[in-house]
Amino acid sequence: MTQINTAALQKLDSAHYLHPFTDHTDLAKKGARIITKAQGVHIWDSNDNQILDGMSGLWCVNMGYGQQSLVDAATKQMQTLPFYNSFFNTSVEPAIELATLLSEITPPQFNHVFYSSSGSESNDTILRMVRRYWDMQGEKQRKTIISRKNAYHGSTVAGASLGGMTGMHEQGDLPIPGIVHIEQPYLREAVKDKPELKDLSEDEFGIVAAGWLEEKILEIGKDKVAAFIGEPVQGAGGVIIPPKTYWPEIQRICDKYGILLISDEVICGFGRLGTWFGCETMGTKPDFMTFAKGVTSGYIPLGGAMVSQRVVDVIYKDGDFNHGYTYSGHPVACAVALANIKLMQKLDIVNTVKNDTAPYLKKMFEALNDHPLVADAQTLGMVGGLVLVKDKDKNIGFDDDDNVGMICRGHCFDNGLVMRAVGDRMIIAPPLTMAHDNIDELLSKARKALDATLKDVSK
Ligand SMILES: *Cc1c(COP(=O)(O)O)cnc(C)c1O
C-alpha cells in the first residue's frame, strides 16, 4: 500500500478546503479524518482503520461500495458521449431511458421527470414549478409553501428556506418570503412547549400534529396556500419517524384545500423504507417527489423532481417553462442511475429490505432500549434513531452543552463505526445491502460506544 501522509494532508485540507457544515477552528485543531477507500459496507481511513459505514456515506450509498456494474456504466458512457445537453430540442439516450424507467417504478401519477444534480436544486425546481402552476391556474395569490421545523430540504437559498433549520435561517436572512413552518411530528420535542400533549398515544399525537397544518392553512387563508412539503421520515433532523396516523391525515388536509403535496424523497426514495418510495410506506399521493442521493447510490451526482400528470398538464401546456440546468439529464449520471436501479431490481433489494433486512435491523436496534443511556430506539426500513437520556427513569434528557451526541459519535468512530449525532439523537441509515452479520457488527459496536459514553457522562 502506498503510504499516505495523514498529517500533511490534514494540513493542506485545513489550509485550502472549505468543508460543508464544519467548524473550521475545530477542524484546524483536530485535523479531518481522511477516507481513502471503500468496499461493500466498509470504509477505510488514511491510517488504515476499517470502519463500518452505518450512514451509507451521507444517506446515499444504498447499494454499497465497489459495485462494478455502476463503474462500467460510467466508463462506457464517458467513452461514448461524456456530455451533451438537453436544451432546445436535443436529448440523450440515458436520460430518456432513465425517465422511462423512473415513470415505471414511481407511483402511477408520475410519468415525467425533471433532472438536476442534487436534492437542493431539485427543491428549487419544485418551488418554481409550484408557483408557475398556480399562476397558470389563474390563482396568483397562492404563493405560500408550508414546511416543518427541523426539516431538511437542502442548502441553496430555496432549499434552506424550505428546510426548518434555525441555524441555517439565521445565516443569510432566510427563509425567503412565502415559506412558513409548522411544528414537526416529534412528541418528545412537542411536549416541551405543550405539556398537555404528554398523555396522548402516538396515533392520537399524529392526528394532532397533522392538524397543525390545517390551523396554519386557515391562519394564512385557504386560497393563499400553494403547497406543503415534507420528508416522509425527517432524516437530517434526527430520523424523526412520524406516527402512522400522521401522513394520511396530512394527505386528507391537502386534498380538502386543494393544495399540492411535495414528498421530499431524497433519503426515503429508492428503497430506504422497504418500498421504492417513502410515500408508498406512508400512504400519500404526492404531486411532486424530490429525489437525489440513492438514485445513483451516490456514485455520481444526480437529482430530480418527479412531476405528476396534473402539474405537467398545466405548466407544460403552452410555451417554455424557463428553467433548466447545464447538467439536467447528464448522460453519465443517468447511465449510472440506470445501472443502479437495474442492480436494485436484479437483487430484488426492496423486497429483501422489507421482508428480511429491515425486520432484523429493527429487532437488533430496538433492543438498545435496554441500555441505561437510551430511549426511543426505533427504526423504519433501513433508518433508525435513538435519544440519549441522562435519567431514564425520570425521562430527563441531556443539556445541549453536555455534547453527549458528539461524545458518542467519537466513541463510535473509535470502535470502527460511523453513526451520526444530531443533538442528543444518534442515527443510522446503513446501506440496503447490509447482511445480518453486518447488522450484528453494527449493533455490537454501537453498544460498545454507548458503554464508553455512559462511562464518560457518569464522571
Ligand atoms: C440531502 C437532502 C437534500 C439535499 O440534497 P443535496 O444533494 O445535498 O442538495 C434535500 N432533501 C433531503 C430530505 C435530504 O436529505
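Reading the values: the criteria
Residues numbered from 1 in each chain as written. Predicted model: local features only at pLDDT ≥ 70, side-chain atom pairs only at ≥ 80, totals over all residues. Heavy atoms only, no water. Axes fitted to C-alpha atoms, helices over the stretch in contact; angles between N-to-C directions. Helix = DSSP H or I, 4+ residues; strand = E, 2+ residues; numbered from the N terminus. Parallel < 35°, antiparallel > 145°, perpendicular 65-115°, else oblique. Left-handed = near helix turned anticlockwise from the far one by under 90°. Contact = heavy atoms within 4.5 Å. Nonpolar A, V, L, I, M, F, W, Y, C, P; charged D, E, K, R; others polar. Buried < 20%, exposed > 50% of the residue type's maximum accessible area, 1.4 Å probe, protein only. Pairing = 2+ DSSP bridges. Right-handed = clockwise from strand over helix to strand, strands pointing away. Near = heavy atom within 4 Å. Polar contact = N/O pair within 3.5 Å; in protein donor to acceptor, adjacent residues only side chain to side chain. Areas by Shrake-Rupley, 256 points an atom, 1.4 Å probe, with all protein chains shown as cover. Domains from an automatic or database assignment. Buried area = accessible area lost by both parts, 1.4 Å probe. Salt bridge = Lys/Arg side-chain N within 4 Å of Asp/Glu carboxyl O.

**A word on the packing of helix α15 (residues 349-366) against helix α17 (residues 436-458)**
- Axis separation between α15 and α17 bottoms out at 10 Å; the angle between their running directions is 25°. On the basis of their axis angle, the class for α15 and α17 is roughly parallel. Handedness of the crossing formed by α15 with α17: right-handed. Taking contact as the criterion, the partners of D356, T357, Y360, L361, M364 and F365 in α15 are, on α17, H436, I439, D440 and L443.
- Looking at the contact of α15 with α17 residue by residue, the classes come out as six nonpolar, two polar and two charged.

**Describing the pairing of strand β8 (residues 260-264)**
- Extensive coverage of β8 is indicated by the burial of five of its five residues.
- Burial of β8 is two-sided: the residues L260, I262 and D264 facing one way and the residues L261 and S263 facing the other way are all buried.
- In terms of strand pairing, strand β7 (residues 225-230) meets β8 through four bridges, oriented parallel. Bridge pairing in β8 places F228 opposite L261.
- Remark: the β7/helix α11 (residues 246-257)/β8 crossover connection has right-handed handedness.

**Some thoughts on the site of the ligand**
- Close contacts around the ligand come from S118, G119, S120, Y152, H153, G154, E231, D264, V266, I267 and K293, and that covers them all.
- Contact distances for the ligand include 2.9 Å between an oxygen atom and a backbone N or O atom of G119.
- At 2.5 Å, a side-chain N or O of S120 approaches an oxygen atom of the ligand.
- Burial of the ligand by the protein chains amounts to 84% of its free accessible area of 390 Å².

**Quick word on the domain arrangement of the chain**
- Domains assigned within the chain are domain 1 (33-66 + 349-458) and domain 2 (68-347).
- When each unit is reduced to the centre of its C-alpha atoms, the spacing between domain 1 and domain 2 is 26 Å.
- Note on domain 1 versus domain 2: buried area summed over both sides is about 2600 Å², and carbon and sulfur give 59% of it.
- When the area that domain 1 buries against domain 2 is broken down by residue, the three leading residues are W59, M63 and V350, summing to 25%.
- Scanning the region where domain 1 abuts domain 2 turns up one salt bridge.

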